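Take a look at the letters that make up each chain.
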Amino acid sequence: MSDMSRLTGKIGDATLIEMSPDSLCDEDNNGCHHHHHDIDLDEYPHSQPDPSEVDKHQQSKDSVFFRDGKRRIDFVLSYVDDRDGERKQERRREYEANLQKAGLELETEDKSVSDDRKTYFVKIHAPWEVLATYADVLKIKVPFKENDIPVPQDIPMDWLFTPFRLPDHIMNPEPDYFTSPFNKGKIDFFLIDDKETFFPPSVRNRIVYYILARCPYHKTDREDKKGIKRLLNNGTYGSAFPLHDSRYWKPSRDSNSESERFNLYKHWAQFFSFFKEQPLNLIRKYYGEKIGIYFAWLGFYTEMLFFAAVVGLICFLYGLFTFDDNVWSKEICSEEIGGNIIMCPLCDKKCGYWKLNSTCNSSWQSHMFDNVGTVFFAIFMGIWVTLFLEFWKRRQARLEYEWDLVDFEEEQQQLQLRPEYETKCTSRRLNRVTQEMEPYLPVTSQCARTFLSGATVIFWISLIIACIIGVIAYRLAVYAAFASIMKDSPTNNIHMVGSLITPQLATSVTASCINFVIIMILNLMYERVAIWITDMEIPKTHLEYENKLTVKMFLFQFVNYYSSCFYVAFFKGKFVGHPGDYIYMFGWSKLRNEECDPGGCLIELTTQLVIVMSGKQVWGNVQEALVPWVMNRWGSRKARSHPESRYSRWEQDHDLQNFGHLGLFYEYLEMVIQFGFITLFVASFPLAPLLALLNNIIEVRVDAWKFTTQFRRPVASKAHSIGAWQEILNGVAVLSVVTNAFIVAFTSDMIPRLVYMYAYSNDLSMKGYINNSLSVFNISGFSEDNRPDDGESPGWFNSSVITTCRYRDYRYPSGHEKEYSHTMQFWHILAAKLAFIIIMEHVAFMVKFFVAWMIPDVPSEVKARIKRERYLIQEYLHNYEVEKLKIQLSQRSDDCCCTPMIYPDISRHVVLSECL
């Protein structure tokens with residue numbers, strides 16, 4: 001540390017570096033920048049204390065500088081002075097005094113010049129000495145030499161991609177440099193042309209926020225109350241944010257302002273740029289690496305979805321164009337076969353007998369998704385998800401190199417303990433590594449908090465399961481009502497879609513909609529609970545906090561969104577018993593378990609998936625775009641009604657929505673839930689990747705529009721990966737292979753049809769399959785509780801003529817020695833299903849692991865460039881030290897007896913000097 005700075009404690013223990021007044025002097029300018037109360041009023045006429053004398057129009061609306069036009073505003077605090085807020089005033093006074101002791105410079109805008117005549121704004125500037133000191137502490141990488149490694153040759157036929165390209169100054173806003181962690185003691189080693197612009201605004205606001213989060217505002221014998229977050233929570237300040245550099249719809253008139261926000265809006269956030277590449281380097285420069293990584297991942301995910309969407313569309317078209325080969329649907333729809341097959345009632349008392357050909361439409365619909373192409377697509381998606389994850393690792397490794405994150409370790413964030421952890425953990429213990437005292441949470445308290453947190457999560461997951469059981473009970477109860485209402489086909493009078501509506505479809509659609517509403521309500525409730533229990537656990541670092549919250553939220557969302565799909569896919573129609581011996585919900589209720597219709601349960605799984613997935617995506621996009629826009633319009637209504645107001649840059653940003661520290665978390669969560677839909681159940685709906693692709697094309701631009709126009713500028717933060725989401729994606733990818741294998745085997749009719757064709761058909765055709773797949777039951781075997789009520793059966797049913805009905809199963813008929821027990825064909829089909837699952841899983845996993853082994857996580861080119869850069873850094877550092885030593889020795893030449901000419905011959909790797 002500099003002699004001009006005095007350490008008041010460890011940085012890791014959230015104490016700050018107190019700057020003496022002399023340390024704030026700029027040696028190059030032969031003077032000092034003082035705090036606002038020491039400013040010479042003749043030198044800075046706009047710093048006059050009387051706000052009424054300030055000319056509103058003299059300073060540009062988009063100014064991001066103090067009144068002197070020289071010092072950049074790095075952060076803004078706002079507050080409304082309450083009449084009875086003496087304690088808040090005292091906190092502000094002490095906090096702002098401590099900020100000045102830490103070296104920051106403040107300038108206050110009185111409420112009389114603000115837009116609403118109520119709000120005070122405290123503008124904060126970090127001078128060079130503060131920035132240099134904390135850049136050293138935080139090990140921020142800065143350039144020391146322009147990168148001279150040759151750029152790879154252009155891609156062949158690169159001109160084809162010209163329409164998708166952005167201008168080079170947008171894609172690469174600054175040259176590529178070799179970088180090294182900043183060292184305050186080696187200022188002349190780095191490429192410092194101008195100290196005021198050496199650290200970009202994103203780095204400056206990150207450093208200032210680090211100070212704000214650790215600066216105390218009240219000291220007692222027991223503890224130091226500190227941090228801007230607590231001051232925001234208790235209402236001392238209303239908001240704290242860094243400034244955007246211009247308005248988004250036009251560049252700033254100030255030549256010293258970069259207008260990067262305008263460039264982002266023009267080239268990235270407008271929807272008509274949806275086919276253009278994303279300016280990731282500019283996003284990273286403006287918002288920081290963490291947000292840059294998110295948009296890089298979202299863009300890459302969208303690119304990869306294109307291939308899955310194309311293959312899924314081909315499989316869907318295959319099902320569409322092979323209707324004529326669909327023999328079993330023709331049998332169902334024909335009057336000779338389907339019209340003469342009388343089916344057993346699907347519910348007790350209120351359901352009558354029905355003809356098989358009444359399910360003709362659902363059978364045709366089912367064929368579009370339940371065909372040979374489905375099996376191929378399920379296997380393809382198992383390979384696709386592996387390629388996606390492996391290629392993302394390579395893209396991520398390239399970004400790590402380009403964004404100077406190669407040596408960034410999450411352990412560095414241990415220096416950045418959460419202020420809440422430091423405040424609430426009053427116990428101290430010796431760190432064996434650093435040999436310094438540090439705060440810690442006792443094991444007993446940690447265990448108790450973890451147990452309470454786990455119990456809360458289990459309770460909420462149980463609540464979801466209870467809601468799902470309630471929806472199942474609704475399906476069972478309402479199906480009978482729909483069946484009774486529709487027995488005379490009154491829906492045929494409905495224009496266009498009337499003939500398509502069946503009791504099964506009506507039950508499925510209404511249940512799916514109710515389930516979607518329940519999902520949304522539980523989400524809103526659980527979000528608050530998850531944040532509360534994560535806060536209660538007192539995680540040590542921001543990274544640990546995010547990981548704990550990620551696990552809790554995803555576990556809950558996984559059960560919430562996917563449980564209904566798991567029910568339809570793996571439980572519905574599997575435990576129904578047979579006529580005369582039905583299985584009931586809970587065993588004692590009068591709700592008979594649901595059956596699948598002869599078309600299979602796959603079409604119902606498709607319906608469930610489409611409603612939940614599409615509903616979530618539409619609702620999410622509307623909520624993301626509409627809510628911030630409405631709130632911003634309402635918040636800035638007064639400013640828009642007073643055009644004579646100056647409406648300064650800080651007031652404009654104050655009226656925008658705050659981007660919370662969990663804002664990016666919800667963006668990832670939305671996409672990962674979508675990823676689960678298109679992988680876990682894709683065998684039932686090959687068009688799912690296409691829906692996801694269309695949604696993501698909109699999502700990228702909606703998110704970009706939100707960031708640039710509707711939200712305040714977030715504090716820049718670093719991240720070298722997508723964090724815990726990577727492991728979650730890997731887990732979903734593995735699970736998706738299993739779920740799709742089970743869907744093809746047990747939910748679709750693919751395996752029974754293949755077994756019939758190859759083992760039971762005389763001519764390897766599907767003729768007779770429908771008759772073979774239906775068992776026979778003697779109507780006289782129905783008990784009084786199962787038999788339809790009088791008037792429920794249709795007019796064509798004559799009990800004296802029709803003595804049997806059919807049901808979907810493989811059982812021996814009445815009168816057989818093994819009456820109503822499973823036939824040998826049932827066991828053949830079951831064995832084929834299990835064999836298919838084992839073979840498909842093994843093939844998919846073998847291909848998956850082989851592909852993962854074949855594709856290295858880090859491209860060889862990137863490895864070589866990293867080694868080259870490290871070598872050059874060591875070489876330049878060595879040469880720098882040698883030159884520095886030569887200068888020092890030449891200054892002490894009168895005490896040295898050696899010849900200066902020997903120093904240019906000093907070895908690169910061994911420094912020898914007779915004079916040491």
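Conventions we followed
- Residues numbered from 1 in each chain as written.
- Predicted model: local features only at pLDDT ≥ 70, side-chain atom pairs only at ≥ 80, totals over all residues.
- Heavy atoms only, no water.
- Disulfide = S-S within 2.5 Å.
- Helix = DSSP H or I, 4+ residues; strand = E, 2+ residues; numbered from the N terminus.
- Buried < 20%, exposed > 50% of the residue type's maximum accessible area, 1.4 Å probe, protein only.
- Salt bridge = Lys/Arg side-chain N within 4 Å of Asp/Glu carboxyl O.
- Axes fitted to C-alpha atoms, helices over the stretch in contact; angles between N-to-C directions.
- Parallel < 35°, antiparallel > 145°, perpendicular 65-115°, else oblique.
- Left-handed = near helix turned anticlockwise from the far one by under 90°.
- Nonpolar A, V, L, I, M, F, W, Y, C, P; charged D, E, K, R; others polar.
- Core = buried A, V, L, I, M, F, W, Y, C linked by side-chain atoms within 4.5 Å.
- Contact = heavy atoms within 4.5 Å.
- Pairing = 2+ DSSP bridges.
- Patch = residues over 30% accessible without salt bridge, like charges linked within 9 Å, V, L, I, M, F, W, Y side chains within 5 Å.
- Areas by Shrake-Rupley, 256 points an atom, 1.4 Å probe, with all protein chains shown as cover.
- UniProt positions renumbered as here; feature names shortened; annotations may be inferred.
- Polar contact = N/O pair within 3.5 Å; in protein donor to acceptor, adjacent residues only side chain to side chain.

- You'll find the protein chain entered in an unreviewed UniProt entry as Anoctamin, with Oncorhynchus kisutch given as the organism.

Focus on the state of the cysteines
Here, disulfide denotes a covalent bond that connects the sulfur atoms of two cysteines.
Here's step 1: Applying the stated criterion to the full structure yields 3 disulfides.
Here's step 2: With a sulfur-sulfur separation of 1.9 Å, Cys-344 is cross-linked through a disulfide to Cys-805. Across the S-S bond linking Cys-344 and Cys-805, the dihedral sits near 85 degrees, which makes this disulfide right-handed. With Cys-344 in the loop between strand 13 (342-343) and strand 14 (354-355) and Cys-805 in strand 20 (residues 804-808), this residue pair connects regions lying 461 residues apart in the sequence.
Here's step 3: Note that Cys-347 is cross-linked by a disulfide to Cys-351, the S-S spacing being 1.6 Å. For the disulfide bridge between Cys-347 and Cys-351, the dihedral angle about the S-S bond is near 95 degrees, and by the sign convention the bridge is right-handed.
Here's step 4: Note on Cys-351: relative accessible area 3%, which makes it buried.

Regarding the pattern of salt bridges
Between side chains of opposite charge, a pair can form when the charged atoms approach closely.
Here's step 1: For the coordinates displayed, the defined rule picks out 34 salt bridges.
Here's step 2: Its salt-bridge partner being Glu-105, residue Arg-71 comes within 2.9 Å of it at the nearest N-O pair. Of this pair, Arg-71 sits in the loop between strand 4 (31-32) and strand 5 (75-80) while Glu-105 sits in strand 6 (residues 105-109), placing them 34 residues apart in sequence.
Here's step 3: The partner of Arg-92 in a salt bridge is Asp-81, with the nearest N and O atoms 3.5 Å apart. Here Arg-92, found in helix 1 (residues 86-101), pairs with Asp-81, found in the loop between strand 5 and helix 1; they are 11 residues apart in sequence, far enough to count as distant.
Here's step 4: Overall, the relative accessible area of 5% leaves Arg-92 in the buried class.
Here's step 5: Through salt bridges with shared partners, a single ionic network connects Arg-67, Glu-107, Glu-109 and Lys-123.

What about the packing of helix 15 (residues 503-537) against helix 16 (residues 542-570)?
Here's step 1: At their nearest, the axes of helix 15 and helix 16 sit 10 Å apart, and the two run at 160 degrees to each other. Overall, the two elements helix 15 and helix 16 adopt an arrangement that is roughly antiparallel. At the point where helix 15 passes helix 16, the crossing takes the right-handed sense.
Here's step 2: Grouping the amino acids of the contact of helix 15 with helix 16 by side-chain chemistry returns 12 nonpolar, 6 polar and 5 charged.

Remarks on the nonpolar core
Here's step 1: The biggest cluster of nonpolar side chains holds 140 residues, and the ones touching the most others in it are Trp-297 and Trp-384.
Here's step 2: Looking at this core element by element, the count peaks at 16 residues for helix 9 (residues 289-321).
Here's step 3: Setting aside its immediate chain neighbours within four residues, Trp-384 contacts Tyr-301, Met-304, Leu-305, Ala-308, Phe-675, Ile-678 and Thr-679.

With respect to the sheet that holds strand 7 (residues 119-125)
Here's step 1: Within the open sheet, the 4 strands sit side by side as 6-7-5-12. Their pairing is antiparallel. Two strands in the sheet have a free side with no partner beyond their single neighbour: strand 6 and strand 12 (239-241). Each strand axis lies, on average, 20 degrees off the axis of its neighbour in the sheet, ignoring direction.
Here's step 2: By the bridge criterion, 5 bridges tie strand 6 to strand 7 in an arrangement that is antiparallel. Of the residues in strand 7, the one forming a bridge with Glu-107 is Lys-123.
Here's step 3: Where helix 1 meets the sheet, it contacts strand 5, strand 6 and strand 7, and its direction lies at approximately 165 degrees from that of strand 5.
Here's step 4: In this fold helix 5 (residues 201-212) packs onto strand 5 and strand 7, with an angle of close to 50 degrees to the strand it touches most, strand 5.

A few points about a nonpolar patch on the surface
Here's step 1: Taken together, the side chains of Leu-160, Phe-161, Phe-164, Phe-271, Phe-272, Phe-274, Phe-275 and Ile-698 make up a nonpolar region of the molecular surface, amounting to roughly 790 Å² of accessible area.
Here's step 2: Looking at the secondary structure, you find Phe-272 in the loop between helix 7 (260-269) and helix 8 (280-287).

Notes on the UniProt feature "transmembrane region" (unreviewed entry) in the protein chain
Here's step 1: In this numbering, the UniProt entry assigns the feature "transmembrane region" (unreviewed entry) to residues 294-321, 372-392, 457-485, 505-526, 675-698, 728-747 and 834-855.
Here's step 2: Note that residues 728-747 is 100% helix and 0% strand, and that its end C-alpha atoms are spaced 26 Å apart.
Here's step 3: The span residues 834-855 is 95% helix and 0% strand, and its two end C-alpha atoms sit 32 Å from each other.

A short note on the side chain of Thr-747
Here's step 1: Its place among the elements puts Thr-747 in helix 22 (residues 724-747).
Here's step 2: A distance of 2.5 Å separates the side chain of Thr-747 from the backbone oxygen of Ala-569, its partner in a polar contact.
Here's step 3: Setting aside anything within four residues of it in sequence, one finds Thr-747 in contact with Ala-569, Phe-570, Lys-574, Cys-601, Leu-602, Leu-605 and Phe-742.

Brief notes about the pairing of strand 7
Here's step 1: For strand 7, the buried fraction is high: 7 of the 7 residues fall into the buried class.
Here's step 2: Burial along strand 7 is two-sided: Thr-119, Phe-121, Lys-123 and His-125 and Tyr-120, Val-122 and Ile-124, pointing in opposite directions, are all buried.
Here's step 3: As judged from the 6 bridges shared by strand 5 and strand 7, these two strands associate in the antiparallel manner. Residue pairing for strand 7: Leu-77 is matched across the bridge by Val-122.

Describing the packing of helix 9 against helix 12 (residues 372-402)
Here's step 1: Two numbers describe how helix 9 lies on helix 12: the axes approach to 10 Å, and their chain directions differ by 160 degrees. The orientation of helix 9 with respect to helix 12, classified from their angle, is roughly antiparallel. Seen from above, helix 9 lies across helix 12 with right-handed handedness.
Here's step 2: Counted by class, the contact of helix 9 with helix 12 contains 23 nonpolar, 2 polar and 2 charged residues.

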